[in-house]
Amino acid sequence: SEAIFNAYLKNTFLISLEETGERVVCEVGCTTAYVKDFVDKRYYGQIVGELERVLGISCEVRLVVTKSPEIQASKNQNRDLPLFEEKKIDTQAWRAANLRENYTFEKYAVGGSNQMAFAAAQAVAKKPGVAYNPLFIYGGVGVGKTHLMQAIGHVILGSGENRVLFCAGEQFTNDLVLAIQQKTTEKVRNKYRRLRLLMIDDVQFIAGKTLVQEEFFHTFNTILGDGGQVIMTSDKPPEEIARLEARLRSRFGAGLTVDVGQPDFELRAAILLIKAKDRKVEISMKVAQAIAEKIEG
């Protein structure tokens, strides 16, 4: 997440790369012991894996504490470069897709309660229509389900695909009811069935509505049949949604169902830092942690 990146990974830098036979020893500087311990415990394996992917050779990472990054960095050509760089997502078409501009992966804080859902979302963003199709994310109110789903939409829009749409279950229902009233059902079908990525928020809203479930069943099958991706969120898993047709329950559970739990202390602090930055409010890590300790869930 952006908050973790700014608080920890931005305070690391590459000191040296030294080849020793069939592997490379990477010395990584950390500005404080706290940063070193946090990165070592949380991100050591990810750093090693990423370096091995980029370098194409087995790597060993050695984390060291140093207050003088400029001096250490002069040992190699990567002077003053951070170990990681943030990537910006092209959001030119986000309005047409009903996405919120700031609902991106960069602004999504990750902790133990949502790590699996985050990993699944990233996999879908990289290979839509292939990895975890459909993707069903469930959890309580305010835990970040909608943000995570829309982050996938931003990535796919950035790849050049513009047949992307985010829609609440209530809006899908309203569109169909209005189409029946105005005799424009075919137009609504074309709107949804031509999509390459359909994101339905609060899909439990369609349960118990016979015609809506019928239309969504065929829309779902058409998109998946054409190689597209469907992502849904709900307050509960498919098998617990009351009055949901058995065939839809079966379709919803055919891909990956993953939950997002209530945020823990570290995640609450990270979310506070992200929100503060979005609102241009200065807040220190210590203050964010103090607030996070007083908040539950």
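**Quick word on the sheet that holds strand β4 (residues 135–139)**
Note: strands within a sheet are paired through backbone hydrogen bonds, in either parallel or antiparallel orientation. If you trace the five strands from one edge of the open sheet to the other, you get β5-β6-β7-β4-β8, paired in parallel fashion. Of all strands in the sheet, those with a lone pairing partner are β5 (164–168) and β8 (256–260), marking the two edges. Each adjacent strand pair in this sheet contributes to an overall mean axis angle of 15°, direction not counted. Summarising the sheet, β4 and strand β7 (residues 229–234) pair through four bridges and their orientation is parallel. What sits directly across from Ile137, in β7, is Thr233.

**Thoughts on the sheet that holds strand β1 (residues 12–20)**
The strand order β1-β2-β3 describes an open sheet built from three strands, whose pairing is mixed. In this open sheet, the two edge strands, each paired with only one partner strand, are β1 and β3 (58–65). Strand-to-strand twist in this sheet, taken as the mean axis angle between neighbours without regard to direction, amounts to 20°. Where strand β2 (residues 23–30) meets β3, eight bridges bridge the pair, whose relative direction is parallel.

**With respect to the side chain of Thr173**
Mapped onto the elements of the fold, Thr173 is located in helix α7 (residues 169–182). Here the side chain of Thr173 touches Gly169 through a polar contact of 3.0 Å, landing on its backbone oxygen. Beyond its immediate sequence surroundings of up to four residues, Thr173 is in contact with Phe205, Ile206, Lys209 and Val212.

**Comments concerning the pattern of salt bridges**
As enumerated under the stated definition, the model contains twelve salt bridges in all. For Glu60, the salt bridge identified is with Arg62, shortest N-O distance 3.0 Å. The exposure class of Arg62 is partly exposed, given its relative accessible area of 43%. Notably, a salt bridge pairs Glu215 with Arg193, separated by 2.9 Å at the nearest N-O pair. Pair noted here: Glu215 is in helix α9 (residues 210–225) and Arg193 is in helix α8 (residues 185–193), with a separation of 22 residues, a long-range link. Given a relative accessible area of 22%, Arg193 falls into the partly exposed group. Taken together, the shared-partner salt bridges connect Glu186, Arg189, Arg193 and Glu215 into one network.

**Details of the pairing of β7**
Among the six residues of β7, six are classified as buried, and the element is accordingly described as predominantly covered. Both faces of β7 are covered, namely the face carrying Gln229, Ile231 and Thr233 and the face carrying Val230, Met232 and Ser234. Sheet topology note: the strand β6 (residues 197–201)/β7 ladder contains four bridges and is parallel. Within β7, the residue paired with Met199 across the bridge is Ile231. Remark: the β6/α9/β7 crossover connection has right-handed handedness.

**Notes on helix α11 (residues 265–278)**
Taking 1.5 Å per residue as the helical rise, α11 with its 14 residues ought to reach 20 Å, and the 20 Å between its terminal C-alpha atoms agrees with that figure. Among the residues of α11, Leu267, Arg268, Ala269, Ala270, Leu273, Ile274 and Ala276 are the ones counted as buried. Capping the start of α11, Asp264 holds a side-chain oxygen 2.9 Å from the backbone nitrogen of Leu267, two or three residues further along.

**Some thoughts on the confidence of the model for the protein**
Confidence in the prediction of the protein, expressed as mean pLDDT, is 86, and 90% of residues score 70 or more. Here residues 71–79 scores under 50 on pLDDT; set against residues more than four positions off or in separate chains, the count is 13 contacts.

Parameters at a glance
Residues numbered from 1 in each chain as written. Predicted model: local features only at pLDDT ≥ 70, side-chain atom pairs only at ≥ 80, totals over all residues. Heavy atoms only, no water. Pairing = 2+ DSSP bridges. Helix = DSSP H or I, 4+ residues; strand = E, 2+ residues; numbered from the N terminus. Axes fitted to C-alpha atoms, helices over the stretch in contact; angles between N-to-C directions. Polar contact = N/O pair within 3.5 Å; in protein donor to acceptor, adjacent residues only side chain to side chain. Contact = heavy atoms within 4.5 Å. Salt bridge = Lys/Arg side-chain N within 4 Å of Asp/Glu carboxyl O. Buried < 20%, exposed > 50% of the residue type's maximum accessible area, 1.4 Å probe, protein only. Right-handed = clockwise from strand over helix to strand, strands pointing away. Expected span 1.5 Å × (residues − 1). pLDDT = per-residue confidence, 0-100.

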